[in-house]
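Examining the three-dimensional arrangement
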Amino acid sequence: PDVVVVGRESAPAAVERANPVRMNVRVRLGRDVRLRALGMEAGLRGELNVRRDARGQSSVRGTLDVTGGMISAQGQTLKIESGTVVYNGPIGNPYVDIRAVRQIEDQTPPVKVGLRIQGNVHRLTSTVFSEPPMADNRALAFLVLGRDIDQESEADNNQLLTAAINLGLSQSKSLTSELQRISGLDELRS
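Residues numbered from 1 in each chain as written. Predicted model: local features only at pLDDT ≥ 70, side-chain atom pairs only at ≥ 80, totals over all residues. Heavy atoms only, no water.

Re the nonpolar core
- Membership of the largest hydrophobic core comes to 33 residues, with the highest contact counts inside it found for L64, I71, L78, I80, L115 and L143.
- Where this core is concerned, the elements lending two or more residues are β3 (40-52), β4 (58-73), β5 (76-89), β6 (95-104), β7 (111-120) and α2 (136-145).
- Per element, the largest residue contribution to this core is seven residues, and it comes from α2.
- Setting aside residues up to four positions removed in sequence, I71 forms contacts with G39, M40, Q76, T77, L78, I80, A100 and I117. (Core = buried A, V, L, I, M, F, W, Y, C linked by side-chain atoms within 4.5 Å. Buried < 20%, exposed > 50% of the residue type's maximum accessible area, 1.4 Å probe, protein only. Helix = DSSP H or I, 4+ residues; strand = E, 2+ residues; numbered from the N terminus. Contact = heavy atoms within 4.5 Å.)

Points about the environment of E131
- As for its placement among the helices and strands, E131 is situated in strand β8 (residues 125-131).
- Looking at E131, the relative accessible area reads 37%, which means it is partly exposed.
- A sequence separation of 22 residues divides E131 from P109, and the C-alpha atoms of the two residues are 9.7 Å apart.
- In contact with E131, not counting residues within four places along its chain, are R99, P110, V111 and K112.
- Reaching out from E131, the side chain makes a polar contact with the side chain of R99 at a distance of 2.8 Å. (Polar contact = N/O pair within 3.5 Å; in protein donor to acceptor, adjacent residues only side chain to side chain.)

Quick notes on the pairing of β4
- Sheet analysis places β3 next to β4, joined by twelve bridges and oriented antiparallel. Along β4, the bridge assignment pairs R51 with S59.
- Counted along the chain from β3 to the antiparallel partner β4, the turn is five residues long, and its residue G56 has a positive phi close to 90°.
- Sheet topology note: the β4/β5 ladder contains ten bridges and is antiparallel. Within the sheet, the bridge partner assigned to M70 lies in β5 and is K79. (Pairing = 2+ DSSP bridges.)

Next comes the structure, spelled out in C-alpha cells:
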C-alpha cells in the first residue's frame, strides 16, 4: 500500500520543476571599464556572449581588448602596448595575449624591452623581447635593471636569474644557460 502525506508533493513532481535557468546574454564593455588585479591596471573593451544551458553549464564566447594601462613585473612598471583576452568556453580559463614594454631612453640608440605574456590563464608563458633585437640575457637585463648586463656583478646576475625563474623563462635554454655561464652556477631549476 502507498502512503500519502497530505501537504507534500511526490518526488517526481519536484524533480520536474528543478529545471535550471537557461540564459543567453550579450555583455558589451565600453570605454569606462577598468581592471585592477594581480599587478595590472588597464582598460577592457569588447563584447562577450554568456550562455547557460538546460544542464546548468555556463560558457563564454568573445574577445576583450586590453586598452592602455600598466602591469607590474619584477619590480618594474611596464606600459601595456597591446593585449587581448579571448573567451571560448568556461569563464575561468580565457586565452591571454599581452605585450608590455619599458623604454630605456638613456641608451644610444634608445632600447625598448618588454614581456609578451601568452596562453590560457592556467598555463601562461612569458617571453622577453627587445627593439633593437639583442640576446635574451641582455634584454632581460634592460627589463629588470634598466641597463645592459654587467658580467662582473654577481648581485646583478643573481637578480637576473631570479627574474628569469619568476617570469617562467627557465624554459628558454639559451637564456638560462647564458645566465648560468655568467654567474658560474651549475644548475638552474624553477
